[in-house]
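Structure at a glance
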Amino acid sequence: EPEVTQTPSHQVTQMGQEVILRCVPISNHLYFYWYRQILGQKVEFLVSFYNNEISEKSEIFDDQFSVERPDGSNFTLKIRSTKLEDSAMYFCASSRGQGIPNQPQHFGDGTRLSIL
Amino acid sequence: DAKTTQPNSMESNEEEPVHLPCNHSTISGTDYIHWYRQLPSQGPEYVIHGLTSNVNNRMASLAIAEDRKSSTLILHRATLRDAAVYYCILSPGIQGAQKLVFGQGTRLTINP
């Protein structure tokens, strides 16, 4: 069964440094998402992406965050200048779309981001 | 965002059925009811979704109340692998990218 894959599984970065989290969504999916989960807290929506544009973003997704689909397979989340409070699990998800509402989202196993 | 209410935790025994309740009294007519689960150290995993009628798939069944203000996820024969946090989420029935709004969910413990 096709899967969403995320790399790296764990990223350790110094505060203030840039970090890029990478995701390979399922190949025939059209909608892409990033969520995060701070340890012990709820899964929170960050951003959705379709047709090379952001569809919706949360208030967490400020100017320090950006997303990109640089080629036909990868979907990346960049944090420009990391803060301690960015430490969390980051999950990428994708869904099929194709005119049918409420397609299930398929999640990767996440990247654990630790900011020192 | 429409709100759901779930018990914080439930416990069941292996090989027995499990009924996980969810209240969503403010559901709108076009909201779909989704269930996801999150196993330890993994990302959320889609379980099932429905609009009005009861739904079955290989993982579970979803029973939706006639007034749609509540629903129940049914695991017919729980295994140890079903121990997870289960989330009941409402999502508007419109096309396009739809964010999922996760609550705290129900932590399900399965006893051997």
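1. Here's the deal with unusual backbone geometry
Looking along the chain, the bond that leaves A:T7 and enters A:P8 is cis, with omega of -10°. Relative to the helices and strands, A:P8 resides in the loop between β1 (5-7) and β2 (10-13). Unlike most non-glycine residues, B:E15 shows phi in positive territory, near 70°. Note on placement: B:E15 falls in the loop between β1 (9-13) and β2 (18-23). Phi is positive for B:R68, close to 65°, though the residue is something other than glycine. On the basis of relative accessibility, which here comes to 9%, the residue B:R68 falls in the buried class.

2. Quick look at the interface of chain B and chain A
Every contact between the two is made by 24 residues of chain B and, on the other side, 20 residues of chain A. For the chain B face of the interface with chain A, the top three residues by lost area are B:A97, B:K99 and B:F102, together amounting to 27%. Joining chain B to chain A, the criterion identifies one salt bridge. A:E56 is the partner of B:K99 in a salt bridge, and the nearest nitrogen-oxygen pair spans 3.2 Å. Counting across the interface, chain B meets chain A through eleven residue pairs in polar contact (both at pLDDT 80 or more). Looking at which element gives the most residues to the side of chain B that touches chain A, the answer is strand β3 (residues 31-38) of chain B, with four residues. For the side of chain B that touches chain A, a count of residues per class yields ten nonpolar, twelve polar and two charged.

What counts and what doesn't
- Residues numbered from 1 in each chain as written.
- Chains lettered and ligands numbered in written order.
- Predicted model: local features only at pLDDT ≥ 70, side-chain atom pairs only at ≥ 80, totals over all residues.
- Heavy atoms only, no water.
- Helix = DSSP H or I, 4+ residues; strand = E, 2+ residues; numbered from the N terminus.
- Buried < 20%, exposed > 50% of the residue type's maximum accessible area, 1.4 Å probe, protein only.
- Contact = heavy atoms within 4.5 Å.
- Buried area = accessible area lost by both parts, 1.4 Å probe.
- Salt bridge = Lys/Arg side-chain N within 4 Å of Asp/Glu carboxyl O.
- Polar contact = N/O pair within 3.5 Å; in protein donor to acceptor, adjacent residues only side chain to side chain.
- Nonpolar A, V, L, I, M, F, W, Y, C, P; charged D, E, K, R; others polar.

Purely geometric stuff here, so don't read any function into it on its own.
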